[in-house]
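# Secondary and tertiary structure notes
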Amino acid sequence: MDKRIPVTIISGFLGAGKTTLINQLLQSDQACNITVLVNDFGAVNIDTDLIIKREREVMELSNGCVCCSIQSDMVAQLHTMFTSDNPPEYLLIETSGVAQPGRIASVFGYPQLSRFARLDSVVTLIDVANIDGLSDEAHHLVRSQIEAADLIIATKADLVDPEARRAIYDRWLFADLPALEATHGAVPVSVLLDQRRGNLEQISAPETALPNQFVSAHWSSDKSVSYKRLQASLKRMSGALYRAKGIVYCDEFPTERIVFNKVGARIDFAKSGAWDGVPRTAIVGIGYANAITAEQIRHELEVAQGPG
Amino acid sequence: MTRLAQYISTHSPQRDLGADLVFTNGRIYTVDEDRPWAEAVAIKDGMFVAVGSNTDVTPLIGPETHVQDLGGAFAMPGLYDMHTHPDLALGPKYSDYLDVGLETPDPEQVKQAILAYAAAHPTDAANGGWVFGKHFVHYTFRKAGIEPGRDWLDSFITDRPVAIMDRMWGSCMANSRALELAGVTAETHDPNNGYIVRDPLTREPNGILVDGAYAMIMAAMPPPPQHALLRAYREGARFQSARGVVATKYLHVCENRLDALRAIDISGELPLRVEAAISWQDDIFPVARRWELLSGERHYYRSKRLNANAVKFHFDGTAEPKTSYFLSPWPNEKEWRGSLNLTPEHICDMVAEMDRKRIRVVAHCTGDGASDIFLDAVEECRRRNGPGMRHQCAHSTILHDGNLPRFKELDVIAEFSPVGWYPSNFTIGARSAYGDKLHKAYNVRGVLDHGGVAVIGSDWPVSSIDPWIGFEALVTRANPWGEMEGQLGDPITVPEAIEMLTINGAYSMGIEDQAGSITAGKAADMIVLDQNLLDIDPKGQLHKTEVQMTMLDGAVVHDPNGWTKDSLQACRVTSNVPDFYPVVI
């Protein structure tokens, strides 16, 4: 089991709704204690009843969450945070509206940080009601924020009709990049964050209690799958399948348990030791009900069992 | 016969045509304790022959003497910039690398640009077949559903190494041939400040190298072509000279760089004295002829202006990746003290050996632990060899108080680079990892108070090559442009700073008895300025100093006012001064 701290980076242009989302995440009941790194402390509008302690750079909440402002040397700040006596259980980074989240995402690949933390996803918010009207310079930034994204949250979706939304996604996004539509800032936390810290032992059962626009599928097999074909299958489903994770019995590495975690366009595979008992593939995924059915998800995974 | 006639025999009758050049009516600050101020100087055969009053020089004015009335202008010895890198600052820019030429090219446009560049630049010895340049944009690749990396590049070019930077310079895309030449394989370790993107299971590199990892590609590339190095050094030296610099150290050179410097030197176009330090390791670029150079080939480059009797290396790291090596743990760390690139035993033996060969060792030491071990190495070297070369502690960012007296005791030069002397977004931001140590950074005051010799090195492109910015910040330790309030560290006085930039520089090159002050019998190096440095309030003002003339070895090498025009002493350097001033916001 991967014990590293999951990290989600939240980006989006000014006014895209980052702070609304952060406030929502901080105030909801979480399965774990979230630490949030924010740019502008003042913009975090927390119910004062929730605040236990507030210092210059840190705010502690009664639900276990912590909010800190980003220091100028973020690599040093993160390293200090991860090696402290009380490291975060889940880290959320809100990038500034004009930041390039790709540069921040890159630091989690540095050996000095990758030992402690794993980048779960880069989530970019786009304001579908206003994205087309921004200046050229802003479009440049928005593109770099989309370029780094694994998952898109389309905010103010209720202000734009479905056809126009589709056109915006075609124009701005990529085929493998799923867009979650948020109305009034409401995004299901279970889709956005990986709160089970990559705990793969729990994937035997399908997700429960998902809002009805989502579909969940579970698939398992004793037959080995091809690593290459599985990658291709996941890639094909990428735009419709928000999250998937699994333990895989691979043709190419038959003696080792292969695990993977997919968040939107990001798919991370890893080796997880030798099989204990009979090898068996088990995968669970969450998709967008409009775009994919549970049957289609299972079919795509069956296809991965073909010859490599 | 005309040439023979220039050799003056002791049997020839003495012809006295007087001095070559005389400057009168100046406020000349000599940096010579015996005579701190002078009104006039006379120069003959490259040396000062008289330093004193107007009446002292009058008898030396002959029929062919060019006399310049300074009209009360302030003059002083020329400046010494003891650590800088025009090649690193300008070389890549002048190397004619691939430029796709579009702000947001799509993959097809990148591909066509690569193929066109490859066709127009056949493989030759100088380029090694490399196609290197900028840029691609991750967004357009994702939009097109193409994964950038070796597979995509290999699909249309496999016979030549290709490396393309992304638009933000955050990553580099390389083909299989480039990865092979750079030795990047599944087994290659990631550097501390970046990583190789790999297949997570097979560990095979996919051809994207992020941040610090693309240095591995750079290291495998051939050096910038000779024409780029020539232009870089020529323009860098021209700017330095126009800003009053008469001597400099170009730290980190290889045989190609020395070839470029020699070409400029023998064409008579080197407007300053250059000490070039050969890279001890391949940490910036490869040095193919390192051991030949160090065993004697370096003398091939030697002239009055140029020598390569020095080596340079990175003993420890820097602030950002927390690799400066300290005597105590880094702020907020339990054990991490930084890292050394050479063992203490390595540096100890190499300093002693280089010292015997009269080669100066210049060691990059940012943490107090690195300079501590370097000083230990010099101490052992002195024990073995007795007095010898003046070795140089480069940057000296953080020094331990206990080591301050050792610079004098061991005759080691404390060199400081201005990048963190004053409050700025860089010092407070990128260097914030130093924590409280930041306030003890660049302890020039401490070294001087303990009798040590301190010099400055602009360290371009890390900070500006204009020496006057560091000069001002030395005496204010404040931001020269007022971008940030406050002070970092303890200032020194203007006369102390002038010594640092003149006679101390000469001392650090071992030529303090021949240059570095305005003294009869020394090399005639002098600069004339638009303001009296000892009269002005330096804050925000000193860095704006204009240089009205630069003279080196009695030859005027920068003459913006045309003082020597139409005379026998006419300035031969007439090229435009390139603009390498920092961008002021």
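Residues numbered from 1 in each chain as written. Chains lettered and ligands numbered in written order. Predicted model: local features only at pLDDT ≥ 70, side-chain atom pairs only at ≥ 80, totals over all residues.

What follows is about the overall build of chain B. Check the secondary structure of chain B and you find 19 helices and 24 strands. The proportion of buried residues among the 585 residues of chain B is 53%. Sequence separation of at least 24 residues holds for 71% of the intrachain contacts in chain B that already meet a minimum separation of 6. (Helix = DSSP H or I, 4+ residues; strand = E, 2+ residues; numbered from the N terminus. Buried ≥ 20, exposed ≤ 12 C-beta atoms within 10 Å, placed from the backbone. Contact = placed C-beta atoms within 7 Å.)

Here we come to the overall build of chain A. Of the regular secondary structure elements, chain A holds nine helices and 14 strands. Every one of the 308 residues in chain A was classed for burial, and the buried ones make up 45%. Taking as baseline every contact in chain A between residues at least 6 positions apart, the subset at least 24 positions apart corresponds to 75%.

Turning to the interface of chain A and chain B, a few remarks are in order. Taken together, the contact between chain A and chain B spans 26 residues of the former and 23 residues of the latter. Where the side of chain A that touches chain B is concerned, the elements lending two or more residues are α2 (74-82), α3 (101-107), α4 (111-114), α5 (136-147) and β13 (266-274) of chain A. Among the residues making up the side of chain A that touches chain B, the classes are represented as 11 nonpolar, nine polar and six charged. (Nonpolar A, V, L, I, M, F, W, Y, C, P; charged D, E, K, R; others polar.)

What follows deals with the sheet that holds strand β23 (residues 547-552) of chain B. All names here are of chain B. If you walk across this open sheet you meet the six strands as β3-β2-β7-β22-β23-β24, and the pairing is mixed. Two strands in the sheet have a free side with no partner beyond their single neighbour: β3 (37-38) and β24 (555-558). Sheet analysis places strand β2 (residues 27-29) next to β3, joined by two bridges and oriented antiparallel. Counted as the bridge partner of Ile28 is Ala38 from β3. (Pairing = 2+ DSSP bridges.)

This part takes up helix α12 (residues 344-356) of chain B. Residues and elements named next belong to chain B. Over its 13 residues, α12 runs 19 Å from end to end, which matches the ideal 18 Å to within 8%, given 1.5 Å per residue. Here α12 has its buried residues at Ile347, Cys348, Val351, Met354 and Asp355. Taken down its axis, α12 places every buried residue within 145° of arc, on the same side. Buried residues in α12 make contact with β17 (306-314), β18 (360-365) and α13 (368-385). (Expected span 1.5 Å × (residues − 1). Arc of directions from axis to C-beta.)

A separate point is the pairing of strand β20 (residues 413-416) of chain B. Residue and element names in this part refer to chain B. Where burial is concerned, the two faces of β20 agree: the one with Ile413 and Glu415 and the one with Ala414 and Phe416 are both buried. Both strand β19 (residues 392-395) and β20 contribute to a ladder of two bridges, which runs parallel. Residue pairing for β20: Gln392 is matched across the bridge by Ile413. Of the strand pairs in this sheet, β20 and strand β21 (residues 454-456) are connected by three bridges, and their pairing is parallel. Bridging across to β21, Phe416 finds its partner in Ile456.

To continue, consider unusual backbone geometry. All names here are of chain B. The amide bond that connects Lys134 to the next residue, His135, takes the cis arrangement and shows omega of -15°. Structurally, His135 is set in strand β10 (residues 131-136). Across the junction of Trp460 and Pro461, the peptide omega takes the value 5°, indicating a cis bond. Looking at the element boundaries, Pro461 is found in the loop between β21 and α17 (467-476). Residues other than glycine seldom take positive phi values, yet His252 does so here, at roughly 80°. By C-beta crowding, His252 is classed as buried, having 24 other C-beta atoms within 10 Å. Even without glycine at this site, His395 takes up a positive phi of about 75°.

Residue and element names in this part refer to chain B. Strand order in the open sheet formed by six strands is β9-β10-β11-β12-β14-β13, and the pairing between neighbours is mixed. Unpaired on one side and paired on the other, β9 (98-99) and β13 (194-198) mark the two borders of the sheet. In this sheet, strand β14 (residues 205-211) lies alongside β13 in antiparallel orientation, the contact comprising four bridges. When the bridges of β14 are listed, Arg198 appears paired with Pro205. Together, β9, β10 and β11 (162-166) form the strand contacts of helix α4 (residues 107-120), whose direction differs from that of β10 by roughly 160°. (Axes fitted to C-alpha atoms, helices over the stretch in contact; angles between N-to-C directions.)

All names here are of chain B. Take Lys44: it is sitting in strand β4 (residues 40-44). For the pair Lys44 and Ala523, spaced 479 residues apart in sequence, the C-alpha to C-alpha distance is 9.7 Å. Setting aside residues up to four positions removed in sequence, Lys44 forms contacts with Ala19, Asp20 and Val49.

Let us look at the confidence of the model for chain B. On average, residues of chain B carry a pLDDT of 91, and 95% of them reach 70 or more. Under the prediction, the complex receives an ipTM of 0.77, its pTM being 0.68. (pLDDT = per-residue confidence, 0-100.)

Looking now at the packing of α12 of chain B against α13 of chain B. Residues and elements named next belong to chain B. Remark: α12 packs on α13, axes separated minimally by 8 Å, with the N-to-C direction vectors making an angle of 45°. Between α12 and α13, the angle is such that the two are oblique. Here α12 and α13 pass one another in a crossing that is right-handed. Residues Pro344, Ile347, Cys348, Val351, Ala352, Asp355 and Arg356 of α12 pack against Ile373, Phe374, Ala377, Val378, Glu380, Cys381, Arg384 and Asn385 of α13. Its residues placed into classes, the contact of α12 with α13 shows 10 nonpolar, one polar and four charged. (Parallel < 35°, antiparallel > 145°, perpendicular 65-115°, else oblique. Left-handed = near helix turned anticlockwise from the far one by under 90°.)

What follows concerns the pairing of strand β22 (residues 526-529) of chain B. All names here are of chain B. The pairing of strand β7 (residues 74-76) with β22 spans three bridges and is classified as antiparallel. Residue pairing in the sheet places Met76 in a bridge with Ile527 of β22. In the sheet, β22 pairs with β23 via four bridges, with the strands oriented antiparallel. Of the residues in β23, the one forming a bridge with Val528 is Met549.

A word on the nonpolar core. If you look at the biggest cluster of nonpolar residues, it comprises 144 residues, and the most contacted ones within it are Val41, Ala276, Val311 and Phe374 of chain B. Considering each element in turn, this core owes the most residues, eight residues, to helix α9 (residues 226-242) of chain B. Core analysis: the next-biggest nonpolar cluster, separate from the first, contains 128 residues, Leu119 and Ala244 of chain A together with Ala113 and Phe136 of chain B among them. (Core = buried A, V, L, I, M, F, W, Y, C linked by C-beta atoms within 7 Å.)

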